[in-house]
Amino acid sequence: MAPNFFQQKPKPAPKGSAAIPGRELPSRPWIEKYRPKHMNDISSQEEVVAVLQKTLESQNYDLKLPHLLFYGPPGTGKTSTILALAKELYGPDMIRDRVLELNASDERGIDVIRAKVKNFAKVTVSHSVNGWPCPPYKIIILDEADSMTTDAQSALRRTMETYSKSTRFCLICNYISRIIEPLASRCAKFRFKPLDTASTTSRIEHICQNEGVNAPRETVETLVRLADGDMRRSIMLLQSAFRLHKTNVITKEVIWEIAGVVPEPVIDGLLAAWHSRDVAKMELAVERVVRLGYSGTQLLDQLQDRIITDDHLSSIQKSKISISIAEMDKALVDGADEQLQLLRLFVTAY
Ligand SMILES: Nc1ncnc2c1ncn2[C@@H]1O[C@H](COP(=O)(O)OP(=O)(O)OP(=O)(O)O)[C@@H](O)[C@H]1O
Ligand SMILES: [Mg+2]
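Quick caveat: nothing in here was measured; it's all calculated off a predicted structure.

Q: I would appreciate a short explanation of the environment of Thr 297 in the present structure.
A: Examined against the element boundaries, Thr 297 turns out to sit in helix α14 (residues 296–308). Note: C-alpha distance between Thr 297 and Lys 330 (33 residues apart in sequence) is 9.7 Å. Setting aside residues no more than four positions away along its own chain, Thr 297 makes contact with Asp 329 and Leu 332.

This is how it looks when you write it as structure tokens:
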């Protein structure tokens, strides 16, 4: 997921709209409102921030910044970090001219790399603008670089070298193994780890306080647990819950509902049918759960958690079931029928 951060500013409200009683201005997404503005605001990625700040402290502009490769799971601060870094380098006004962002929604075949990147990269820039000292190079951010074709990545190797005097590249991806080695080896690599519980909790509590959200401790705990290190997900869930329940207390059940989590009794019912080894019962239970409309992958996630901690199953059984769950996951991604796949899992894996 890569928001185009040059379009962050909310559109100004039409004149007079605020004055119309009962008509509220659309609220700005909290993931943008609470995007860290400075490198010091980035939580939980201390090593990455420390190394980048050290790099920036260097006196020699040419040596200051190598090509960068940020990788790690979604919602851990990769885009926010490069944005904050660019702001520190260029000041708030120069970013538009000095930073080019291309993400997966842009066409990024070999031709685009050749044309767009080269056009932007070949214009050299000066050392200071309006008194703000800035490095004599631009930054090109290639978000979701792991979705670029191998050919496009290969084409990028030469471009990176040719324009390295006037340009620095920052590649961002979730899966570093999908970046070809010659490209990865040209960059300084930074791993972003899933956010720890304490950082996510304090950030969520800060947002709750700022926005007047009535969320008890167990709701915050639920949010943090469901997000599983993805800060974007926890903030999105919180804002969705707040939109629905404004002044009321936001309970953990509301969060479950919004997150599409399958309620425990439903999972219990499925597992009971499974343990009975009665195919008719299994079929009935599967049909019921599919009719409730929960996502198959979410269901698999929760089943996996329950099975792994089930003391009645041996390690061998757990391994076999995990393999079947992995196969079902792949089948669902490929577009298989959820009901049939669930039934297959239940009748074969035990
Ligand atoms: N380390 C962090 N510190 C503070 N806030 C964070 C952090 N990581 C993520 N966030 C919050 O989550 C939102 C999304 O973060 P960001 O866009 O930087 O994630 P990302 O790592 O680029 O994810 P993706 O891989 O999906 O592009 C930010 O706007 C911010 O509100
Ligand atoms: Mg991103």
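Anyway, onward from the coordinates.
Q: How should the packing of helix α12 (residues 264–276) against α14 be read in this particular structure?
A: Angle between the axes and distance between the axes: these two values describe a pair of packed helices. The contact between α12 and α14 brings their axes to 11 Å, and the two run at 65 degrees. What the angle tells us is that α12 and α14 run roughly perpendicular. For α12 against α14, the interelement crossing comes out right-handed. Between α12 and α14, the residues in contact are Glu 264, Ile 267, Asp 268, Leu 270, Leu 271 and Trp 274 and Leu 299, Gln 302, Leu 303, Arg 306 and Ile 307, respectively. Residues belonging to the contact of α12 with α14 are distributed by class as follows: seven nonpolar, one polar and three charged.

Q: Would you mind showing me how to read the pattern of salt bridges here?
A: Note that side chains of opposite charge can pair when their charged atoms are close. Considering all chains together, one arrives at 14 salt bridges under this definition. For Glu 32, the salt bridge is made with Arg 35, and the minimal N-O distance between the two is 3.0 Å. Classification of Glu 32 as buried rests on a relative accessible area of 9%. Put simply, Glu 46, Glu 47 and Lys 193 are held in one network by salt bridges that share partners.

Rules behind the numbers
Residues numbered from 1 in each chain as written. Chains lettered and ligands numbered in written order. Predicted model: local features only at pLDDT ≥ 70, side-chain atom pairs only at ≥ 80, totals over all residues. Heavy atoms only, no water. Helix = DSSP H or I, 4+ residues; strand = E, 2+ residues; numbered from the N terminus. Contact = heavy atoms within 4.5 Å. Axes fitted to C-alpha atoms, helices over the stretch in contact; angles between N-to-C directions. Parallel < 35°, antiparallel > 145°, perpendicular 65-115°, else oblique. Left-handed = near helix turned anticlockwise from the far one by under 90°. Nonpolar A, V, L, I, M, F, W, Y, C, P; charged D, E, K, R; others polar. Salt bridge = Lys/Arg side-chain N within 4 Å of Asp/Glu carboxyl O. Buried < 20%, exposed > 50% of the residue type's maximum accessible area, 1.4 Å probe, protein only.

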